[in-house]
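Take a look at the letters that make up each chain.
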Number of protein chains: 2
Amino acid sequence: MSVEAVLAANESFYEAFRRGDLEAMDELWASDDVTCIHPGWDLLVGRQQVMASWSAILGNGGAEDMRCTNPLASVHGNMATVICGERIGEAQMIATNTFVFYADRWWMTHHHAGQVAQSVQFESPPHGPLN
Amino acid sequence: MSVEAVLAANESFYEAFRRGDLEAMDELWASDDVTCIHPGWDLLVGRQQVMASWSAILGNGGAEDMRCTNPLASVHGNMATVICGERIGEAQMIATNTFVFYADRWWMTHHHAGQVAQSVQFESPPHGPLN
């Protein structure tokens with residue numbers, strides 16, 4: 001249940017995304033209690049809705065230039081989050097991914113991605129690990 | 001470490017947001033390893049950045065009409081997520097909040113909120129618990 005293992009699971013998610021590999025994507029997600037929020041979308045609940053969304057998204061092929069940047073993992077017992085940047089071309093997004101550990105591996109239970117605005121309204125500009 | 005307790009902690013977060021109560025907000029967050037993603041913002045890392053953002057956001061008063069809708073909690077050992085809708089007036093957002101249990105209570109460790117677009121590009125419209 002190491003940080004390295006959950007970061008590897010997170011990278012497998014982006015690898016499946018890049019390759020448009022629906023089978024690999026399906027294999028990553030837990031069997032139930034899964035949720036997903038794509039950028040601008042409403043919440044998807046349950047395996048059927050979540051996988052239908054990936055089928056629609058990956059149906060036109062993968063996002064070859066999708067890159068996961070500066071993943072930050074936080075592991076507490078058998079649950080973990082990975083927060084990371086996502087870049088596709090010039091678009092910058094940010095994601096919260098959660099994983100649960102059982103049956104000897106980490107399984108994805110939640111993905112929440114949203115766009116990062118170019119200009120952030122903050123007096124003291126943040127210097128997160130995305131830069 | 002019940003679902004009810006983590007939902008209560010989540011509601012306390014929105015209550016502090018509504019009231020513009022920076023002290024209550026500060027009391028909710030864990031002592032370290034905290035992160036926050038406000039809608040459209042880049043990642044904020046660490047207590048200093050996160051609380052500075054809340055000071056800026058709540059400095060002009062609370063968001064009196066902020067409502068948390070249909071919270072969905074998932075508890076695994078000493079870590080939990082709550083996914084919920086957020087409404088301020090006509091604006092609809094969606095949030096992933098994470099909590100860690102120690103010292104007899106749940107502490108907030110991450111908040112990720114983003115806007116939901118009015119029109120979702122999905123062949124079969126999702127029917128999440130936000131409706």
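Residues numbered from 1 in each chain as written. Chains lettered and ligands numbered in written order. Predicted model: local features only at pLDDT ≥ 70, side-chain atom pairs only at ≥ 80, totals over all residues. Heavy atoms only, no water.

(A) Representation of the overall build of chain A in the model. Helix and strand content of chain A: three helices and six strands. The helix and strand sequence of chain A, counted from the amino end, reads α-α-β-β-α-β-β-β-β. Of the roughly 6,000 Å² that chain A leaves accessible, carbon and sulfur atoms contribute 49%. (Helix = DSSP H or I, 4+ residues; strand = E, 2+ residues; numbered from the N terminus. Areas by Shrake-Rupley, 256 points an atom, 1.4 Å probe, with all protein chains shown as cover.)

(B) Quick peek at the nonpolar core. Residues Phe-13, Phe-17, Met-25, Trp-29 and Trp-54 of chain A are the most contacted members of the largest nonpolar core, which totals 31 residues. Looking at which element gives the most residues to this core, the answer is helix H1 (residues 3-19) of chain A, with six residues. Setting aside residues up to four positions removed in sequence, Met-25 of chain A forms contacts with Phe-13, Ala-16, Phe-17, Met-51, Trp-54 and Leu-58 of chain A. Grouped together as the second largest cluster of nonpolar side chains are 30 residues, Tyr-14, Leu-28, Trp-107 and Met-108 of chain B included. (Core = buried A, V, L, I, M, F, W, Y, C linked by side-chain atoms within 4.5 Å. Buried < 20%, exposed > 50% of the residue type's maximum accessible area, 1.4 Å probe, protein only. Contact = heavy atoms within 4.5 Å.)

(C) Looking closely at the packing of aromatic side chains. Residues and elements named next belong to chain A. By the definition in use, this model includes 12 aromatic pairs over all chains. Seen in terms of ring centroids, Phe-13 and Phe-17 are 6.0 Å apart; in terms of plane orientation they differ by 75°. Their pairing is edge-to-face. Linking Phe-13 with Phe-17, this pair stays in helix H1, spanning four residues, or about one helical turn. According to the relative accessible area criterion, Phe-13 is buried, its value standing at 0%. Feature note: the residues Phe-13, Tyr-14, Phe-17 and Trp-54 constitute an aromatic cluster, connected by ring pairs. Just above the ring of Trp-107 sits the side chain of Arg-105; from NZ or CZ to the centre is 3.4 Å. (Phe/Tyr/Trp six-rings, centres within 6.5 Å; stacked < 30°, edge-to-face > 60°. Lys NZ or Arg CZ within 6 Å of the ring centre and 35° of its normal.)

(D) Just the state of the cysteines, in detail. As enumerated under the stated definition, the model contains zero disulfides over all chains in all. Counting only cysteine sulfurs, Cys-84 of chain A is the nearest neighbor of Cys-36 of chain A, a cysteine outside any disulfide, at a range of 13 Å. Not part of a disulfide, Cys-84 of chain B finds its nearest cysteine sulfur in Cys-68 of chain B, a span of 3.7 Å. (Disulfide = S-S within 2.5 Å.)

(E) Local environment of the sheet that holds strand E5 (residues 91-102) of chain B. All names here are of chain B. Read across the sheet, six strands follow the order E2-E1-E6-E5-E4-E3 without closing on themselves; strand pairing throughout is mixed. Strands with a single pairing partner mark the edges of an open sheet, and in this sheet they are strand E2 (44-45) and strand E3 (66-76). As paired elements, E3 and strand E4 (residues 79-88) share nine bridges and run antiparallel to each other. If you follow Cys-68 over to E4, its bridge partner there is Glu-86. Contacts from helix H1 (residues 3-19) reach E3, E4, E5 and strand E6 (105-115) within the one sheet, and its direction differs from that of E3 by about 150°. (Pairing = 2+ DSSP bridges. Axes fitted to C-alpha atoms, helices over the stretch in contact; angles between N-to-C directions.)

(F) How the structure looks around the sheet that holds strand E3 (residues 66-76) of chain A. Residue and element names in this part refer to chain A. If you trace the six strands from one edge of the open sheet to the other, you get E2-E1-E6-E5-E4-E3, paired in mixed fashion. Looking at the sheet topology across the chains shown, the edges are occupied by strand E2 (44-45) and E3. Packing against the sheet, H1 makes contact with E3, strand E4 (79-88), strand E5 (91-102) and strand E6 (105-115), and its axis sits at approximately 150° to E3.

(G) Representation of the pattern of salt bridges within the structure. All names here are of chain A. Counted under the stated rule, the structure contains 10 salt bridges over all chains. Put simply, Asp-21 and Arg-19 hold a salt bridge, and the shortest N to O gap is 3.6 Å. Residue class for Arg-19 comes out exposed when judged on its relative accessible area of 56%. (Salt bridge = Lys/Arg side-chain N within 4 Å of Asp/Glu carboxyl O.)

(H) Local environment of helix H3 (residues 47-58) of chain B. Residues and elements named next belong to chain B. Helix length check: H3, at 12 residues, gives a terminal C-alpha distance of 16 Å against a target of 16 Å (1.5 Å per residue), a fit within 8%. Among the residues making up H3, those that are buried are Gln-49, Val-50, Met-51, Ser-53, Trp-54 and Leu-58. Buried residues along H3 sit in contact with H1, helix H2 (22-28), strand E1 (35-37), E2 and E6. (Expected span 1.5 Å × (residues − 1).)

(I) Representation of unusual backbone geometry in the model. A positive phi is found at Asp-33 of chain A, a non-glycine position, where the angle reads about 55°. Its location among the elements puts Asp-33 of chain A in the loop between helix H2 (22-28) and strand E1 (35-37).

(J) Layout of the confidence of the model for chain A. With 89% of its residues at a pLDDT of 70 or more, chain A has an overall mean of 90. In the predicted assembly, ipTM is 0.88 and pTM is 0.89. (pLDDT = per-residue confidence, 0-100.)

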